[in-house]
Amino acid sequence: IKSQLTLHCKMFVVGLLIIASFYGVDGTHQNPSIRCESGSLNLTDVSGGELQVCSDNEWLSVCGSSFQHASAAVSCRQMGYDSGYVKTRFYTSGDETGSVQYYCTGQESSLADCDHEESSCSYGIRIACVYKNESDPCSSGEMRLRGGATENEGRVELCTQSGVWSAVSYWYWSQPDAVVACRQLGKANHIAVPTSDSRSTTDQPVEFGGYSCQGTESSLSECTVYSGYINNFFWTLHSYAKLECISNGSLCTEGDVRLVNGYSENNGIVEICIDGIWMGACVDSSTYRPIIATTVCKQFGYTRGARVDATFFQMNQEALAFVFFYYRYCSGPTYSPISCVKDDSDFGFYFYESCNSYNVLSVLC
């Protein structure tokens, strides 16, 4: 009896080993030690593991040199998940890594469907895969703002085709995109301010980014995607788009200017009224021309003006956003300061969340 029990135990252990050779630790992924079907994928850890692709019956690390969040989402969907995102890339020896670089838009059904090219590669990639959150459902293309102080600001999130909330990359996030996003949120008459925030940790899918909107579209889905978006590893992984939709005010008259925090009435930090709100004024210090200060000062009846260091004044501005003054727009016969601000009739002025002290426009008239 003892010998029979021993034999049965050995057979049981052998059976377990056979099963383990076909399945990973969680029982869902193939073991890289066995033969595989070309093009199939394997993830060593669903919460952030190495992504592998089968090539000639061998598991190789997927090349991570240009691998983006959109490519991770496609890979995860191919493996049966709803979305995914990149955790990090790591150095590998060349013979352990595939020689194909993938450039996915996020709409493909498999990694093989993405644009790709043969290239030497010394980086692998670690990704995480997720299922949609049934307690936080969404419809494809739906938008929301999260993490802001009010309902009108925050991180831009879009719902993917799989029903997963995804952040939007900051890559090429600009004024026309922000205008379209505010319009999609039902805030078409608001001032749109595009902002960004660094991703200290990659813990959310980022399937969208690189938008190139004209400013007239009704939603971001109508905008084209900049082709260079999927070729920039750093920006698409480490920063995401934020947005602020500021309600039009009635605090001032369009085009008026004022000097704040000065020591007398003829000096201070410049602010200009746009859409009923006082906006701070910025300049590009490398291309600044004296005509800008003179244009501002003539609004107050002075004949000339000069730019002074903004740090001479108290920098506690209450401006909700900033606009840039450009010297080439200040040459009109009326010398109106608002003519110095770049404008595009399709979507209005360019607005910015902040302006560093070196570029803040301050004048002495």
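Residues numbered from 1 in each chain as written. Predicted model: local features only at pLDDT ≥ 70, side-chain atom pairs only at ≥ 80, totals over all residues. Heavy atoms only, no water.

Chemist: Whenever I open this one, the overall build of the protein confuses me. Can you help?
Modeler: Tallying secondary structure elements over the protein gives five helices and 22 strands in all. Within the protein, the proportion of its 365 residues that are buried is 49%. In the protein, of all internal contacts separated by at least 6 residues, the share reaching a separation of at least 24 is 70%. Of the roughly 18,100 Å² of accessible surface on the protein, 50% is carried by carbon and sulfur atoms. (Helix = DSSP H or I, 4+ residues; strand = E, 2+ residues; numbered from the N terminus. Buried < 20%, exposed > 50% of the residue type's maximum accessible area, 1.4 Å probe, protein only. Contact = heavy atoms within 4.5 Å. Areas by Shrake-Rupley, 256 points an atom, 1.4 Å probe, with all protein chains shown as cover.)

Chemist: Any chance you could explain the environment of glutamine 107 here in plain terms?
Modeler: Along the chain, glutamine 107 turns up in the loop between strand S5 (100–103) and strand S6 (115–118). Each residue touching glutamine 107, except ones within four places of it in the same chain, is listed here: Arg77 and Gln161.

Chemist: Whenever I open this one, the nonpolar core confuses me. Can you help?
Modeler: Generally speaking, nonpolar side chains in soluble globular proteins are found buried as a group. Residues Ile272, Met279, Val323, Phe325, Phe351, Leu361 and Val363 are the most contacted members of the largest nonpolar core, which totals 29 residues. Listed by contribution, the elements that provide at least two residues to this core are strand S11 (191–198), strand S15 (257–260), strand S16 (267–274), strand S17 (277–282) and helix H5 (291–298). In terms of residue count, H5 provides more of this core than any other element does, four residues in total. With sequence-adjacent residues up to four places away left out, phenylalanine 351 is seen in contact with Gln175, Ile191, Ala192, Val193, Pro194, Ile274, Asp275, Met279, Phe322 and Val323. (Core = buried A, V, L, I, M, F, W, Y, C linked by side-chain atoms within 4.5 Å.)

Chemist: Explain the side chain of serine 219 here, please?
Modeler: With respect to the helices and strands, serine 219 occurs in the loop between strand S12 (211–212) and strand S13 (224–225). On the accessibility criterion, serine 219 (12% relative accessible area) is buried. Here serine 221 takes part through its side chain, which lies 2.8 Å from a polar atom of the side chain of serine 219. When sequence neighbours within four positions are dropped, the list of residues in contact with serine 219 reads Val180 and Gln184. (Polar contact = N/O pair within 3.5 Å; in protein donor to acceptor, adjacent residues only side chain to side chain.)

Chemist: Just to check I follow, could you spell out the pattern of salt bridges for this structure?
Modeler: Opposite charge on two side chains permits them to pair, given that their charged atoms come into close proximity. According to the stated counting rule, one finds four salt bridges in the structure shown. A salt bridge links glutamate 157 to arginine 144, with the shortest nitrogen-to-oxygen separation between them at 2.8 Å. You can see glutamate 157 sitting in strand S9 (residues 153–159) and its partner arginine 144 sitting in strand S8 (residues 143–147), a full 13 residues away along the chain. On the basis of relative accessible area, glutamate 157 is assigned to the buried category, the value being 2%. Taking the relative accessible area as the measure of exposure, arginine 144 reaches 13% and is therefore buried. Notably, a salt bridge pairs glutamate 271 with arginine 258, separated by 2.8 Å at the nearest N-O pair. One end of the pair, glutamate 271, is in strand S16; the other, arginine 258, is in strand S15, with 13 residues separating them in the sequence. Classification of glutamate 271 by relative accessible area gives buried; the value is 2%. You can call arginine 258 partly exposed: its relative accessible area is 32%. Here the salt bridges share partners, and the residues they tie into one network are Asp136, Arg144, Arg155 and Glu157. (Salt bridge = Lys/Arg side-chain N within 4 Å of Asp/Glu carboxyl O.)

Chemist: Can you help me understand the packing of aromatic side chains in this one?
Modeler: Any pair of aromatic rings gets described here by the distance separating the centres and the angle formed by the planes. Applying the stated criterion across every chain yields a total of five aromatic pairs. Seen in terms of ring centroids, tyrosine 81 and tyrosine 131 are 4.9 Å apart; in terms of plane orientation they differ by 45 degrees. Their pairing is tilted. Placement of the pair is tyrosine 81 in the loop between helix H2 (69–78) and strand S4 (83–91) and tyrosine 131 in the loop between strand S7 (123–130) and S8, with a sequence separation of 50 residues. A residue is classified by how much of its surface remains accessible, and tyrosine 81, at 9% relative accessible area, is buried. Judged by relative accessible area, tyrosine 131 falls into the exposed class, the value being 56%. (Phe/Tyr/Trp six-rings, centres within 6.5 Å; stacked < 30°, edge-to-face > 60°.)

Chemist: Is there a simple way to explain the state of the cysteines in this structure?
Modeler: Working definition of a disulfide: a covalent bond connecting the sulfur atoms of two cysteines. With the rule as written, the count across this model stands at 10 disulfides. The partner cysteine of cysteine 252 in its disulfide is cysteine 273, sulfur to sulfur 2.1 Å. Disulfide cysteine 252 to cysteine 273: torsion about the S-S bond roughly 85 degrees, handedness right-handed. With a gap of 21 residues between them, cysteine 252 in the loop between strand S14 (239–246) and S15 and cysteine 273 in strand S16 connect regions that are remote in the sequence. Of the residues examined, cysteine 273 reaches a relative accessible area of 0% and is grouped as buried. (Disulfide = S-S within 2.5 Å.)

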